[in-house]
Amino acid sequence: MTALGDLLTRQIATDGPMTLADYMQACLLHPDHGYYATRDPFGAAGDFITAPEISQMFGELLGLCLAQAWMDQGQPDAYLAELGPGRGTLMADVLRATARIPNFPRKVVLVEASAHLRHIQAQTLDGHDVTWVETAADLPDAPVLLIANEFFDALPIRQFLRGKNGWSERRVGLQDNTLTLGLAEETRIDALSHRLADTGAGDIVELCPSVAPIMAEVSARAAQGGAALILDYGDWRSMGDTFQALENHKPVEPLASPGQADLTAHVDFEALTDAADCHVSHMTTQGVLLEQLGITHRAQALAQKLSGTALEQHIAAHRRLTHPEEMGTLFKAIALTPQSAPLPPGFNIASTV
Ligand code: SAH
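Asker: Please clarify how the sheet that holds strand β13 (residues 262–264) should be interpreted in this entry.
Answerer: Each strand in a sheet pairs with its neighbour through backbone hydrogen bonds, running either in the same direction (parallel) or in the opposite one (antiparallel). Ordered by their spatial adjacency, three strands build an open sheet running β12-β11-β13, and the pairing between neighbours is antiparallel. Only two strands of the sheet have a single neighbouring strand rather than two, namely β12 (250–252) and β13. Averaged over all adjacent pairs, the angle separating strand axes in this sheet is 40°, with direction ignored. Relative to β13, strand β11 (residues 244–247) runs antiparallel, the two being bridged by three bridges. Following the sheet pairing, A245 is matched in β13 by L263.

Asker: Would you mind going over the pairing of strand β6 (residues 158–162) with me for this structure?
Answerer: Within a regular strand, side chains alternate between the sheet's two faces. Of the pairings in the sheet, the one linking β6 to strand β9 (residues 204–207) comprises four bridges and is antiparallel in character. If you follow L161 over to β9, its bridge partner there is I204. As paired strands, β6 and strand β7 (residues 167–175) are joined by three bridges and run antiparallel to one another. By the bridge assignment, R162 is partnered in β7 with W167. Remark: four residues form the turn of the hairpin made by β6 and β7, two consecutive strands paired antiparallel.

Asker: Quick question: what am I supposed to make of the site of the ligand here?
Answerer: Near the ligand you find 17 residues, and of these T50, G84, G86, E112 and N149 are the closest. In the environment of the ligand, an oxygen atom lies 2.6 Å from a nitrogen or oxygen atom belonging to the side chain of T50. Between the ligand and G86 there is a distance of 3.0 Å, counted from an oxygen atom to a backbone nitrogen or oxygen. When atom positions are compared with the pocket grids, the ligand is found to occupy the largest pocket. When grouped by side-chain class, the residues that make up the shell around the ligand number nine nonpolar, five polar and three charged.

Asker: Explain helix α1 (residues 3–15) here, please?
Answerer: What sets the pattern is the α-helix's 3.6 residues per turn: residues three or four places apart point alike. Between its terminal C-alpha atoms α1 stretches 18 Å, which fits the 18 Å expected from 13 residues at 1.5 Å a residue. Among all positions of α1, only L4, G5, L8, T9 and I12 are buried. Projection of α1 onto a plane perpendicular to its axis shows the buried side chains occupying an angular sector of 135°, all on one side. Among the exposed residues of α1, those pointing more than 90 degrees away from its buried face are R10, A13 and T14. Buried-residue contacts for α1 involve β1 (18–19), α2 (20–29), β7 and β8 (178–183). In the segment just after α1, G16 is the residue with positive phi, at about 95°.

Asker: Could you clarify how one ought to interpret the domain arrangement of the chain in this entry?
Answerer: Domains assigned within the chain are domain 1 (3–27 + 157–206) and domain 2 (35–155 + 209–239 + 246–337). Between domain 1 and domain 2, the C-alpha centre-to-centre distance is 29 Å. Counting residues at the interface gives 20 residues for domain 1, matched by 16 residues for domain 2. Between domain 1 and domain 2 lies a buried interface of about 1,400 Å² when both sides are counted; carbon and sulfur atoms form 63% of it. It is Y23, M24 and C27 in domain 1 that bury the most area against domain 2; as a group they hold 34% of the surface buried on that side. Here D198 ties to R237 by a salt bridge, and the two come within 3.2 Å at their closest N and O atoms. Joining domain 1 to domain 2, the criterion identifies six residue pairs in polar contact (both at pLDDT 80 or more).

Asker: What exactly am I supposed to notice about the layout of surface pockets here?
Answerer: For the largest pocket, the calculated volume is near 1,000 Å³. Forming the walls of the largest pocket are 49 residues, and the residues nearest its centre are Y36, E150, F151, D153 and A154. Of all the elements in the fold, those that place two or more residues in the lining of the largest pocket are α2, α4 (51–54), α6 (89–97), β11 and β13. Of the residues forming the lining of the largest pocket, the biggest block, four residues, is contributed by α2.

Asker: Teacher, can you tell me more about the nonpolar core here?
Answerer: One broad trend across soluble globular proteins is that nonpolar side chains are buried collectively. Y23, L83, L139, F152 and L336 are the most contacted members of the largest nonpolar core, which totals 57 residues. The dominant element in this core, judged by the number of residues it contributes, is α2, at six residues. Contacts of L336, omitting those with residues within four sequence positions, involve M215, V218, S219, A222, G226, A227, A228, I230, A276, C278, H279 and V280. In terms of nonpolar packing, the next biggest core, distinct from the first, is built from 44 residues, L80, I101, L229 and I295 among them.

What counts and what doesn't
- Residues numbered from 1 in each chain as written.
- Predicted model: local features only at pLDDT ≥ 70, side-chain atom pairs only at ≥ 80, totals over all residues.
- Heavy atoms only, no water.
- Pairing = 2+ DSSP bridges.
- Helix = DSSP H or I, 4+ residues; strand = E, 2+ residues; numbered from the N terminus.
- Axes fitted to C-alpha atoms, helices over the stretch in contact; angles between N-to-C directions.
- Near = heavy atom within 4 Å.
- Polar contact = N/O pair within 3.5 Å; in protein donor to acceptor, adjacent residues only side chain to side chain.
- 1 Å grid on protein atoms, 1.4 Å probe; cavity = no way out; pocket = protein on both sides within 12 Å on 5 of 7 lines; lining within 4 Å.
- Sits in = over half its atoms within 2 Å of the grid points.
- Nonpolar A, V, L, I, M, F, W, Y, C, P; charged D, E, K, R; others polar.
- Expected span 1.5 Å × (residues − 1).
- Buried < 20%, exposed > 50% of the residue type's maximum accessible area, 1.4 Å probe, protein only.
- Arc of directions from axis to C-beta.
- Contact = heavy atoms within 4.5 Å.
- Domains from an automatic or database assignment.
- Buried area = accessible area lost by both parts, 1.4 Å probe.
- Salt bridge = Lys/Arg side-chain N within 4 Å of Asp/Glu carboxyl O.
- Points joined across faces, edges and corners; volume = space filled by probe spheres on them.
- Core = buried A, V, L, I, M, F, W, Y, C linked by side-chain atoms within 4.5 Å.

Written as structure tokens, this is what we have:
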């Protein structure tokens, strides 16, 4: 058992079982033992690889998408922002792709909870005007050009099992001093009343309590001008157990090594959309979005300068980002804008999913 596992075992022995949300929060962000607090999990040597780490094209195209939205709105006085920037690669690609656009905002505000990752972001974005804040509530209250990629999947979720008369919450408890999943007593959960019609006994649904407050903060800024682009894996309306752990690119048991594996859950885009108080696009897939933004064109242009292994890797990266069997369909995207503004390019489409 890990050091954090011992700590949580003692805590549960004293206080009783904890919600999955409290367990996830401790595993990911405990200041001494949390997954994000102690390491750089990205890339081939880490536990998982994200779109901006796969190819520069991802950040470049999203940067140009934000730039077009900003021009369509008459160049509002906005700042650039990102939720959960990881290594800072995506923002670096956005800044490079938009460098020649006159007057385009260059002030960057990053929302990052991990001191360790802030340090890495500072190195990646050296020479740029960057500040860090702890939560979305601390973002400047002004028009924003914001990206959140694989941020919401890292937020703690609660899980509920539908019973005959209500819902039983799945919680982390102890059996023979080992962490184990159990069920709380069945109760009525008001926040799940909208799920009574589409679920039956035995179904599991997930709730992410921080979605509503974070979306309220983000949409309050996007409503004033600019755009917020949210990309993640998930779908419209959560159904089933999507709680998962990854270590060294392989799925592991989520309770086996607290603090050492990445814990995530699929993102419920309906919940994101419902919590936004501004104009929200239809949900689209990452594959369709990147095609609309011209990834094939960009891939061909970059390929001109490549050969051998580098060219093969570049072709594989293009496929990985867009192909339906890779990230193209599993990953979804929405855009937030002011009510009266046109949707950013790639999002101004009828529903594709
Ligand atoms: N967007 C990056 C990294 C995604 S990993 C990429 O695409 O590569 C999730 C990121 O969110 C990490 O930077 C992590 O430290 C941060 N994070 C997780 N929970 C957070 C929270 N509650 N508040 C702020 N940042 C958080």
